[in-house]
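Overview (structure and organization)
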Amino acid sequence: MINWKFVIIGVVLLLILGILFKIVIGGILLGVLISCVVVGYLVNKGYKNGAKNGLITGFIGELIYGSLFVLFIATPLSMKTVLISLGLGFFSGIGGAVLGLIGGIIGSLIRTKFNPSNF
């Protein structure tokens with residue numbers, strides 16, 4: 001089951017970390033991974049739900065980030081540049097979904113394996 005509250009938190013975190021990592025190190029892949037690990041950790045319903053929520057977070061976050069990034073660097077805004085930005089955002093979202101899937105699994109495994117109540 002998709003927990004939309006955590007997905008929205010993860011998307012906002014992805015956008016913030018994406019901007020920060022783009023400024024500092026020049027890439028946003030680490031921001032995508034960190035935000036999806038957080039979502040997978042927060043879901044707490046097993047690795048399958050962590051993977052689903054991480055996948056949705058990565059796709060939506062990268063779709064928004066990729067589309068906005070192209071729109072901000074495009075000087076003349078026309079229908080062509082908007083369509084190009086949406087297309088590039090979609091392909092960026094696919095990459096973010098794969099990374100989000102991995103991050104969601106890692107986050108849910110961290111929650112189950114390193115839970116303080118297990119010690």
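Check the entry above for the structure.
So, here is what we can say about the structure in this document.

Rules of the game
Residues numbered from 1 in each chain as written. Predicted model: local features only at pLDDT ≥ 70, side-chain atom pairs only at ≥ 80, totals over all residues. Heavy atoms only, no water. Helix = DSSP H or I, 4+ residues; strand = E, 2+ residues; numbered from the N terminus. Contact = heavy atoms within 4.5 Å. Core = buried A, V, L, I, M, F, W, Y, C linked by side-chain atoms within 4.5 Å. Buried < 20%, exposed > 50% of the residue type's maximum accessible area, 1.4 Å probe, protein only. Expected span 1.5 Å × (residues − 1). Arc of directions from axis to C-beta. Phe/Tyr/Trp six-rings, centres within 6.5 Å; stacked < 30°, edge-to-face > 60°. Lys NZ or Arg CZ within 6 Å of the ring centre and 35° of its normal.

**A short note on the environment of Gly-18**
Relative to the assigned elements, Gly-18 resides in helix α1 (residues 4-24). The spatial distance from the C-alpha of Gly-18 to the C-alpha of Ile-60 is 13 Å, given a sequence separation of 42 residues. Excluding anything up to four places from it in sequence, Gly-18 contacts Ile-28 and Tyr-65.

**Things to note about the nonpolar core**
If you look at the biggest cluster of nonpolar residues, it comprises 5 residues: Leu-14, Ile-28, Val-32, Cys-36 and Tyr-65. Once residues within four sequence positions are removed from consideration, Ile-28 is found in contact with Gly-18, Phe-21, Lys-22, Glu-62 and Tyr-65.

**As for helix α4 (residues 79-113)**
If you check α4, its first and last C-alpha atoms are 49 Å apart, about what 35 residues at 1.5 Å a residue would give, namely 51 Å. Thr-81, Ser-85, Gly-89, Gly-93, Gly-96, Ala-97, Gly-100, Gly-103, Gly-104, Gly-107 and Ser-108 are the residues of α4 that are buried. In this structure, the buried side of α4 is in contact with α2 (29-43) and α3 (47-73).

**Brief notes about α1**
The terminal C-alpha atoms of α1 lie 30 Å apart, and with 21 residues this matches the ideal 30 Å at 1.5 Å per residue to within 8%. For α1, the full list of buried residues reads Phe-6, Val-7, Gly-10, Val-11, Leu-14, Leu-17, Gly-18 and Phe-21. Along the axis of α1, the buried positions cluster into a sector of 145°, meaning they face one direction only. Pointing more than 90 degrees away from the buried face of α1 are the exposed residues Lys-5, Ile-8 and Ile-23. As for α1, its buried residues are in contact with α2 and α3. Of the residues flanking the end of α1, it is Gly-26, one or two places downstream, whose phi is positive at about 90°.

**Comments concerning the packing of aromatic side chains**
What the rule picks out here adds up to 2 aromatic pairs. Plain terms: the ring middles of Phe-59 and Phe-90 are 5.9 Å apart, the flat faces sit at 85° to each other, and that makes the pair edge-to-face. A residue pair is termed long-range when its members are at least 10 positions apart, and Phe-59 in helix α3 and Phe-90 in helix α4 qualify at 31 residues. Accessibility expressed as a relative area gives 41% for Phe-90, which makes it partly exposed. On the basis of an interplanar angle of 70° and a centroid distance of 5.7 Å, the ring pair of Phe-90 and Phe-91 is categorised as edge-to-face. On the basis of relative accessible area, Phe-91 is assigned to the exposed category, the value being 59%. Grouped by ring-pair contacts, the aromatic residues Phe-59, Phe-90 and Phe-91 constitute a single cluster. Between Arg-111 and the ring centre of Tyr-41, over which it is positioned, the NZ or CZ distance is 4.8 Å.

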